[in-house]
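Okay, here's what each chain looks like letter by letter:
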Amino acid sequence: MENKTKILIGLGLVGLTYLLIKKNKKVNFMGMNKTFEEFSQKRGEGASKIAENAKEKGGLSLLTYYHFVVKEPYYKKAQQGTIDLVKSKKELKQLVEELYVGINDMSIKQIAFQKLVGKIEVLGELLIEDKEA
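A brief structural summary. (Residues numbered from 1 in each chain as written. Predicted model: local features only at pLDDT ≥ 70, side-chain atom pairs only at ≥ 80, totals over all residues. Heavy atoms only, no water.)

1. Structural notes on the overall build of the chain
Then, in step 1: Of the regular secondary structure elements, the chain holds 6 helices and 0 strands.
Then, in step 2: In the chain, the order of α-helices and β-strands from amino to carboxyl end is α-α-α-α-α-α.
Then, in step 3: Burial status across the chain gives 29% buried among its 133 residues.
Then, in step 4: Excluding contacts between residues fewer than 6 apart, the proportion of contacts in the chain whose partners are at least 24 apart in sequence is 63%.
Then, in step 5: Approximately 9,400 Å² of the chain is accessible, and the part contributed by carbon and sulfur atoms is 60%. (Helix = DSSP H or I, 4+ residues; strand = E, 2+ residues; numbered from the N terminus. Buried < 20%, exposed > 50% of the residue type's maximum accessible area, 1.4 Å probe, protein only. Contact = heavy atoms within 4.5 Å. Areas by Shrake-Rupley, 256 points an atom, 1.4 Å probe, with all protein chains shown as cover.)

Structure below.
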């Protein structure tokens, strides 16, 4: 075997090893989470707490409730490892388009806006966190 071939195989193995280590370590946002699932769990717990507090407070805080309550199913799926990130990326693009249309013609209402932006936010966070993993 030629030296060039040995070098290319060696580089390929180094790259593969790096990817496997990175995939298994998954040190994420600010090095605070060991796994994507842990990130999702912590963010989901925070979103649930904010939603509960806002609902209890009532009044205009209900807009905050609607913004955060829609995040819970996404974080739960991510925490359980059942979220499909390819479909999530498509959904994110669709939601951004929906937001654009609603803002452009000002047809969107407050609660719908809060729910939509909450979904955009959670999907964006999860996709970015997965990319950083």
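After that view of the structure, there is still more to cover.
2. So, the packing of aromatic side chains
Then, in step 1: Inspection of every chain in the model, using the stated rule, returns 1 aromatic pair.
Then, in step 2: Seen from their ring centres, Y65 and Y66 are 5.3 Å apart, and the 65° between their planes marks the pair as edge-to-face. (Phe/Tyr/Trp six-rings, centres within 6.5 Å; stacked < 30°, edge-to-face > 60°.)

3. Considering the environment of I103
Then, in step 1: Topologically, I103 is positioned in helix α5 (residues 85-104).
Then, in step 2: On the accessibility criterion, I103 (39% relative accessible area) is partly exposed.
Then, in step 3: For the pair I103 and F113, spaced 10 residues apart in the sequence, the C-alpha separation amounts to 9.0 Å.
Then, in step 4: Every residue in contact with I103, bar those within four places of it in the chain, is listed here: I108 and F113.

4. Considerations on the packing of helix α2 (residues 36-57) against helix α4 (residues 72-80)
Then, in step 1: Put simply, α2 and α4 touch, their axes get as near as 8 Å, and they point 155° apart. Accordingly, the angle class assigned to the pair α2 and α4 is roughly antiparallel. Crossing of α2 against α4: the hand is left-handed. Here α2 contributes F36, E37, S40, Q41, R43, G44, A47, S48 and A51 to the contact with α4, which in turn contributes E72, Y75, A78 and Q79. (Axes fitted to C-alpha atoms, helices over the stretch in contact; angles between N-to-C directions. Parallel < 35°, antiparallel > 145°, perpendicular 65-115°, else oblique. Left-handed = near helix turned anticlockwise from the far one by under 90°.)

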